[in-house]
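Overview (structure and organization)
Chain by chain, the residues run as shown.
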Amino acid sequence: MTSYTWPVSDTAPAVVVDGLVMRYGDKVAVDELSLTVGRGSITAVLGPNGAGKTTTLETCEGYRRPQRGTVQVLGLDPVKDRRDLLPRIGVMLQGGGAWSGVRAMEMLRHVAKLHAHPLDVEMLSDRLGLADCGRTPYRRLSGGQQQRVGLAMALVGRPEVVFVDEPTAGMDPQLRRTTWELLEELRGDGVSVVLTTHYMDEAERLADHIHIIDRGRLIASGSPLELTRGGSTATIRLVVTRPFPPGSPESLRAALGEAIVVTQLDDVSLLVTGPADASTLAKVSRWCDENQVLPESLTLGVRNLEDVFLQLTGRELAT
Amino acid sequence: MSGTFTPRPGAAPLHRMVLAQASMEARLMLRNGEQLLLAIVIPVIVLVGAVQGADRIDLELSGRPIDEFAPGVLALAVMSTAFTSLAIATGFERRYGVIKRLGSSPLPRTGLLLGKIGALLLVELLQGVVITAVALGLGWDPDVSVLGVLLTVVAGTAAFASLGLLLAGALRAEATLAAANLVYLLLMAGGAVVLPSTAYGAFGDVVRWLPSGALGDSMRAALLDGALDPMGLAVLAGWAVVGAVLTARTFTWE
């Protein structure tokens, strides 16, 4: 019998990525990425499609060998120490991972049998709302049901760290909430959760810590609060009916003063970040009038993660 | 701290993982209609058809048709499972990310391979029981070398499984499906599986070196003469080594 002895002195972080570089041919997928994930927390790796999130996760899961830099999970090397590490982590792939003809519960039972102390599969399938489709072949499950089977397979072995890749993609709002609650319960029970997402609201609602990745690089890190605060910072979003004339961001910035940051989001929208007051709003409105642009909408709001992200990537686009 | 999800990780003992994997894969293979056709229905039809046909056309056989064909059809059954079924199943496992998923489970790669071999042997056992029963019903009177049969099944399974994995690892799932069926049909017709290599005239010296000819001749030696066929077994072992080396170099998990 294999028995697991908990290393009492085991205080290694859940994940340490240091200077990771991954390339596919000429394309750099991950570019000098460094980040640390603490134990017993929910950490979101946030970024647009193609930012390098999945590649980073798959390197942590031992699927890919770092081309440069190092990756450690629970203090172990995911490639060299994979036999010691794999029983201790749970992996939810972005899709697939089951035979097309296997029944949902059959698949879950099979994965449970590979572990020494698996969770009760009936309880787990009840919790994930899979009780109704337990005898349904995997290929006939809906996208959301397949996602939940994938999550169940990641959890059934009672791992210390779970890696979930876009866990709620394709789920309806109610299912997303149930899944979020489950992930929060995992954290409460001492499991470290690392999730990738391109949903800002998911990261903001769920994560203790967020790493924002764009084009393979870490562009911001912190708690949702740390990332979105900034004193009295607020945002004004200006959307116009026709594309802005050239030089508009510069001209608007000149009109608003030093403390204001203007980010062009696309042809017809600008983000103005800075001290939020009515006078700024009035100045933006006057600038529109003077430059003969017709606002379609002019909204004032507290800065959210989406603004942070757009502003960060926008700034990077400009350099 | 003892919530529902409080970590308590650990791998199951290897033998239990391998057993779980083997029974899972065998069940999936037998559940699939096309695979069942390949495993049981086609060999039985070939057996009955060959025995009926041999009475009408004059084939030069050393023994009675049923004694000649029953070992050949058992060899065909091994080939269909270890090569065609395995290649197709593995091709789609790669496509559906099953192998990738199991790659992050506690099941090591050797365990996955042992599980696959176990599943093949389970299915082959079932095929052997059905085909033997039909053959005995047709008046089969074998002269059995138990060691010969066991060695032939193991060497034949190893040779064809390594070639099946080579195919599945190199091609897309649909291409694997087509190629595995095509190769199976070609070898069934012209590979000296069901008919002995001596029945092919001068071409017999070539097909004897194919894994199909070696498997068929070795199975006939074990069940027609009650003897070992060292040459056939050696040829199968050679193909197994070549297939395993090439598979190890080329197989990708996705």
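Residues numbered from 1 in each chain as written. Chains lettered and ligands numbered in written order. Predicted model: local features only at pLDDT ≥ 70, side-chain atom pairs only at ≥ 80, totals over all residues.

1. Focus: the overall build of chain B
Helix and strand counts for chain B come out as 10 helices and zero strands. Starting at the N terminus and ending at the C terminus, chain B contains elements arranged as α-α-α-α-α-α-α-α-α-α. With the C-alpha coordinates aligned to their principal axes, the bounding extent of chain B is approximately 80 × 35 × 30 Å. The buried share of chain B, reckoned over its 254 residues, is 50%. (Helix = DSSP H or I, 4+ residues; strand = E, 2+ residues; numbered from the N terminus. Buried ≥ 20, exposed ≤ 12 C-beta atoms within 10 Å, placed from the backbone.)

2. Details of the interface of chain B and chain A
On the side of chain A, 38 residues touch chain B, which itself brings 32 residues to the contact. Elements that contribute at least two residues to the side of chain B that touches chain A include exactly helix H1 (14-31), helix H3 (65-95) and helix H4 (98-103) of chain B. The element contributing the most residues to the side of chain B that touches chain A is H1(B), with six residues. The class makeup of the residues in the side of chain B that touches chain A is 17 nonpolar, nine polar and six charged. (Contact = placed C-beta atoms within 7 Å. Nonpolar A, V, L, I, M, F, W, Y, C, P; charged D, E, K, R; others polar.)

3. Observations concerning the nonpolar core
Formed by 147 residues in total, the largest nonpolar core has its most connected members in A:Leu108, A:Ala152, A:Val156, A:Val162, A:Phe163 and B:Met79. Sorting elements by how many residues they give to this core places H3(B) first, with 16 residues. The residues contacting A:Leu108, other than those within four sequence positions of it, are A:Val121, A:Ser125, A:Val149, A:Ala152, A:Met153 and A:Val156. Within the second largest apolar cluster, nine residues are counted, among which are A:Ile236, A:Leu238, A:Val262 and A:Val284. (Core = buried A, V, L, I, M, F, W, Y, C linked by C-beta atoms within 7 Å.)

4. Regarding the UniProt feature "domain: ABC-2 type transporter transmembrane" (unreviewed entry) in chain B
Here, UniProt's "domain: ABC-2 type transporter transmembrane" (unreviewed entry) annotation points to residues 69-246 of chain B. Secondary structure across residues 69-246 of chain B comprises 79% helix and 0% strand; the distance between its end C-alpha atoms is 33 Å. (UniProt positions renumbered as here; feature names shortened; annotations may be inferred.)

5. Concerning the domain arrangement of chain A
Domain annotation for chain A reports domain 1 (15-227) and domain 2 (230-302). Put simply, the middle of domain 1 of chain A and the middle of domain 2 of chain A, counted by C-alpha atoms, are 39 Å apart. (Domains from an automatic or database assignment.)

6. Section: the environment of A:Asp208
Residue and element names in this part refer to chain A. With respect to the helices and strands, Asp208 occurs in the loop between helix H7 (200-206) and strand E8 (209-214). You can call Asp208 partly exposed: it has 15 C-beta atoms within 10 Å. Apart from the residues within four sequence positions on either side, Asp208 is in contact with Ser41, Ile42, Thr43 and Ser223.

7. Describing unusual backbone geometry
You will see that A:Leu74, though not glycine, has its phi angle at about 50 degrees, which is positive. At B:Ala192, a residue that is not glycine, the phi angle is positive and equals roughly 60 degrees. Residue position: B:Ala192 is located in the loop between helix H7 (173-190) and helix H8 (204-207). Assessed through the 27 C-beta atoms surrounding it within 10 Å, B:Ala192 is described here as buried.

8. Focus: the environment of B:Val123
Residues and elements named next belong to chain B. Within the element layout of this structure, Val123 appears in helix H5 (residues 109-137). Between the C-alpha atom of Val123 and that of Val78, which follows or precedes it by 45 residues, the distance is 9.1 Å. Look past the residues within four positions of Val123 in its chain and what remains in contact with it is Ala26, Met29, Leu30, Ala39 and Thr81.

9. Side note on helix H10 (residues 230-250) of chain B
An α-helix turns once every 3.6 residues. As a result, residues three or four positions apart point the same way. The first and last C-alpha atoms of H10(B) sit 30 Å apart over 21 residues, in line with the 30 Å expected at 1.5 Å per residue. Tucked inside the fold, the buried residues of H10(B) contact helix H6 (146-170) and helix H9 (211-224) of chain B. (Expected span 1.5 Å × (residues − 1).)

10. Quick notes on the sheet that holds strand E6 (residues 161-165) of chain A
Residues and elements named next belong to chain A. Pairing in this open sheet of six strands is mixed, and the strands run E5-E6-E7-E3-E8-E9 from one edge to the other. Each edge of the sheet is formed by a strand with only one pairing partner; in this case those strands are strand E5 (89-92) and strand E9 (217-222). Across this sheet, the average inter-strand angle for adjacent strands is 15 degrees, counted without regard to direction. Pairing of strand E3 (residues 42-46) with strand E7 (residues 192-197) involves five bridges; the strand directions are parallel. Bridge pairing in E7 places Ile42 opposite Val193. Set on the sheet, helix H5 (residues 143-155) makes contact with E5 and E6; between it and E5 the angle comes to about 170 degrees. (Pairing = 2+ DSSP bridges. Axes fitted to C-alpha atoms, helices over the stretch in contact; angles between N-to-C directions.)

11. Some words on the packing of helix H2 (residues 33-56) of chain B against H5(B)
Residues and elements named next belong to chain B. Where H2 contacts H5, the two axes come as close as 10 Å, and the packing angle between them is 30 degrees. Judged by the angle between their axes, H2 and H5 are roughly parallel. Pair H2 / H5 crosses with right-handed handedness. Where H2 approaches H5, its residues Ala39, Ile40, Pro43, Val44 and Leu47 are matched on the opposing element by Val123, Gln127, Val130, Ile131, Val134 and Ala135. Grouping the constituent residues of the contact of H2 with H5 by class yields 10 nonpolar, one polar and no charged. (Parallel < 35°, antiparallel > 145°, perpendicular 65-115°, else oblique. Left-handed = near helix turned anticlockwise from the far one by under 90°.)

12. Points about the sheet that holds strand E2 (residues 27-37) of chain A
Residue and element names in this part refer to chain A. Taken in spatial order, the three strands line up as E2-E1-E4 in an open sheet, and their pairing is antiparallel. In this open sheet, the two edge strands, each paired with only one partner strand, are E2 and strand E4 (68-73). With direction set aside, neighbouring strand axes in the sheet form an average angle of 25 degrees. One ladder, built from five bridges, connects strand E1 (residues 15-24) with E4; its direction is antiparallel. Across the sheet, the residue bridging to Asp18 is Thr70, located in E4.

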